[in-house]
Amino acid sequence: MSISEIPAVQQGAELYRKVYNKEISEECFYHKHFDNPNALSESFIIELQNDTPVAMRWLMKLNFCYDGNIVSGVQSSDDAVLDEARGLLFLKMRKKTLNILQQNSIDFEYGCFYPGTAMEIAEKFGEKNIVNLYMARLFLNERTHRWKRFDISIPAFVRKVLIDKRTKRFADLSQKDLTIDISEKCQFGDEDYKKLNSASCFQIERNQSYYNWKTSGIDNLSIITARKDNELYGFLIVKKESDYGIVVDWDLFGENKIETLASMLLPICRDYQYLDVPSLNIESGEMKLFTALGSKDMSSLWAPICICANVINDGLSSIICDSKKWKHRLIDADYFLNGE
């Protein structure tokens, strides 16, 4: 079936543009919701008034893994209601959502919010704020320094001193027995995925179909891997944005995590003014890994990403509601696929 034959795609993209005042193509919207390898057969709710779409919810099914077990989650995505239709439609759509989730044996529903009205509505309808995720910023090859509202150019000789100092620090910390590879496509194998999914944290399951869905059509990604005797010790997926980068996915294994991280940063540190590392769980120690290398903890300056969840399977409540167990990267958020 072509995109033009799916009314929900046209209606969803139209509502998205009206409510969020941002552009999104129907092709991008289709890919986001219909190319999901774990998509529900009934993955959306669209409310009409006089044959005109006025409200919607999209249900992005994802498999989570924890200690070898698979948990079914749904990330609420593209919740949108036109101003003239606000009121009971939120409650109506949430009731419909619960019925769909129960019929599909979904264990929990969650959303990624910034503090504000949308999050307050989610909490009002029963979602609990589980964990807040923060950002670190690692300054590298800076050309300007931001002071208040002004960007001040850094003299060339000062820039050289700064980047040489940072490069030396990474070199001193790096593990010399690691092999570092940089590519434009994910090249993980079966053993890599076993390692990615075997941690005791609560995270979205990684596999080839997941990365194909999340990264296809994105041509400004760099995948940096660290290996020893072909065994994966760590990886970074960096999305280039003009003169800086965003670490959209990453993981580290073994005891020498900081050294592994320094080894992967060394070959790319001159390519960016700075790297932003969002979605860090301070409670599980993720922020410390980056501040140990000189990153600035931005938690006091930038609003967190707040994960709010509604647990349906009470037997999993102790796992899902444990903030220290959560591992959630920017690539996992539904808005990563908005094509911005």
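Refer to the structure presented above.
Figured I'd write up the structure that's included with this text. A quick note: this is a predicted structure, and the numbers were derived from the prediction, not measured. (Residues numbered from 1 in each chain as written. Predicted model: local features only at pLDDT ≥ 70, side-chain atom pairs only at ≥ 80, totals over all residues. Heavy atoms only, no water.)

1. Focus on the overall build of the chain
And then number 1: On a plain count of helices and strands, the chain comes out with ten helices and 15 strands.
And then number 2: Overall size of the chain, expressed as C-alpha extent along the three principal axes, is 65 × 45 × 40 Å.
And then number 3: With 340 residues in all, the chain has 50% of them scored as buried.
And then number 4: Intrachain contacts of the chain at a sequence separation of at least 6 include 72% that bridge at least 24 residues.
And then number 5: Summed over all atoms, the accessible surface of the chain reaches about 16500 Å², with 49% contributed by carbon and sulfur.
And then number 6: Within the chain, one finds 42 positive and 49 negative side-chain charges whose respective centroids are separated by 7 Å. (Helix = DSSP H or I, 4+ residues; strand = E, 2+ residues; numbered from the N terminus. Buried < 20%, exposed > 50% of the residue type's maximum accessible area, 1.4 Å probe, protein only. Contact = heavy atoms within 4.5 Å. Areas by Shrake-Rupley, 256 points an atom, 1.4 Å probe, with all protein chains shown as cover. Lys, Arg positive; Asp, Glu negative; His and termini not counted. Charge placed at Lys NZ, Arg CZ, Asp CG, Glu CD.)

2. Topic: empty space enclosed by the protein
And then number 1: Within the structure shown, the criterion is met by two cavities of 30 Å³ or more.
And then number 2: Estimated volume of the largest cavity: approximately 50 Å³.
And then number 3: Lining of the largest cavity is provided by Leu 196, Gln 203, Arg 206, Tyr 211, Phe 235, Asp 249, Trp 250, Asp 251, Lys 327 and Arg 329.
And then number 4: The greatest single-element share of the lining of the largest cavity, amounting to three residues, is contributed by strand 12 (residues 244-252).
And then number 5: Taken as a whole, the second largest cavity holds about 30 Å³ of empty space.
And then number 6: As for the second largest cavity, its lining consists of Asn 38, Asn 63, Ile 204, Glu 205, Asn 207 and Tyr 210.
And then number 7: Of the residues that constitute the lining of the second largest cavity, the class distribution is two nonpolar, three polar and one charged. (1 Å grid on protein atoms, 1.4 Å probe; cavity = no way out; pocket = protein on both sides within 12 Å on 5 of 7 lines; lining within 4 Å. Points joined across faces, edges and corners; volume = space filled by probe spheres on them. Nonpolar A, V, L, I, M, F, W, Y, C, P; charged D, E, K, R; others polar.)

3. Describing the pattern of salt bridges
Side-chain pairs of opposite charge can arise whenever the charged atoms involved come near each other.
And then number 1: In the structure shown here, the tally under the stated rule is 24 salt bridges.
And then number 2: For Asp 192, the salt bridge goes to Arg 227, with nearest N and O atoms at 2.8 Å. On the criterion of sequence distance, the pair formed by Asp 192 in helix 6 (residues 190-197) and Arg 227 in strand 10 (residues 221-228) is long-range, its members being 35 residues apart.
And then number 3: Between Lys 327 and Asp 251 there is a salt bridge; the shortest N-O distance is 2.9 Å. Here Asp 251 lies in strand 12 and Lys 327 lies in the segment after helix 10 (317-320), a separation of 76 residues in the sequence. (Salt bridge = Lys/Arg side-chain N within 4 Å of Asp/Glu carboxyl O.)

4. Section: helix 2 (residues 26-34)
And then number 1: Where helix 2 is concerned, the buried positions are Cys 28, Phe 29, Tyr 30, His 31, Lys 32 and His 33.
And then number 2: Contacts from the buried residues of helix 2 go to helix 1 (7-20), strand 2 (52-66), strand 3 (69-81) and helix 7 (208-215).

5. Considerations on the packing of aromatic side chains
And then number 1: Across all of its chains, the model carries 24 aromatic pairs by this definition.
And then number 2: With a centroid separation of 5.6 Å and 50° between ring planes, the pair formed by Phe 188 and Tyr 211 is classed as tilted. Residue Phe 188 is found in the loop between strand 8 (179-183) and helix 6, and its partner Tyr 211 is found in helix 7; the two are separated by 23 residues along the sequence.
And then number 3: The exposure class assigned to Tyr 211 is buried, which follows from its relative accessible area of 1%.
And then number 4: Judged by centre distance (5.1 Å) and plane angle (70°), the ring pair of Phe 188 and Phe 235 falls under edge-to-face. Residue Phe 188 is found in the loop between strand 8 and helix 6, and its partner Phe 235 is found in strand 11 (residues 231-241); the two are separated by 47 residues along the sequence. This pair shows no difference in class: Phe 188 is buried, exactly as Phe 235 is.
And then number 5: Following the ring pairs from residue to residue traces out a cluster consisting of Phe 188, Tyr 193, Tyr 210, Tyr 211, Trp 213 and Phe 235.
And then number 6: The ring of Tyr 274 has Arg 137 lying over it, and the distance from NZ or CZ to the ring centre is 4.3 Å.
And then number 7: Note that Arg 329 overlies the ring of Trp 250, its terminal NZ or CZ placed 3.9 Å from the centroid. (Phe/Tyr/Trp six-rings, centres within 6.5 Å; stacked < 30°, edge-to-face > 60°. Lys NZ or Arg CZ within 6 Å of the ring centre and 35° of its normal.)

6. Quick word on the pairing of strand 13 (residues 274-280)
And then number 1: Within strand 13, seven of the seven residues are buried, leaving the element largely enclosed by the surrounding structure.
And then number 2: Sheet analysis places strand 5 (residues 128-139) next to strand 13, joined by five bridges and oriented antiparallel. Bridge pairing links Phe 139 to Tyr 274 in strand 13.
And then number 3: Where strand 12 and strand 13 come together, two bridges link them in parallel fashion. Note on strand 13: the bridge partner recorded for Ile 246 is Asp 276.
And then number 4: Note that the unit made of strand 12, helix 8 (residues 257-265) and strand 13 has a crossover that is right-handed. (Pairing = 2+ DSSP bridges. Right-handed = clockwise from strand over helix to strand, strands pointing away.)

7. What to know about helix 6
And then number 1: Those residues of helix 6 lying buried are Asp 192, Tyr 193, Leu 196 and Asn 197. What you see down the axis of helix 6 is that its buried residues fit within an arc of 120°, all on one side. When the buried face of helix 6 is taken as reference, the exposed residues oriented beyond 90 degrees from it are Asp 190, Glu 191 and Lys 194.
And then number 2: Considering only its buried residues, helix 6 is in contact with strand 2, strand 9 (203-204), helix 7, strand 10 and strand 11. (Arc of directions from axis to C-beta.)

8. Describing the packing of helix 1 against helix 2
And then number 1: Interaxial distance between helix 1 and helix 2 falls to 9 Å at its minimum, and their mutual angle equals 110°. Classified by the angle their axes make, helix 1 and helix 2 are roughly perpendicular. Each of Val 9, Gln 10, Gly 12, Ala 13, Tyr 16 and Arg 17 in helix 1 lies in contact with helix 2, whose residues at this interface are Glu 26, Phe 29, Tyr 30 and Phe 34.
And then number 2: Of the residues in the contact of helix 1 with helix 2, the class split is six nonpolar, two polar and two charged. (Axes fitted to C-alpha atoms, helices over the stretch in contact; angles between N-to-C directions. Parallel < 35°, antiparallel > 145°, perpendicular 65-115°, else oblique.)

As far as function goes, none of this settles anything; it's purely spatial.
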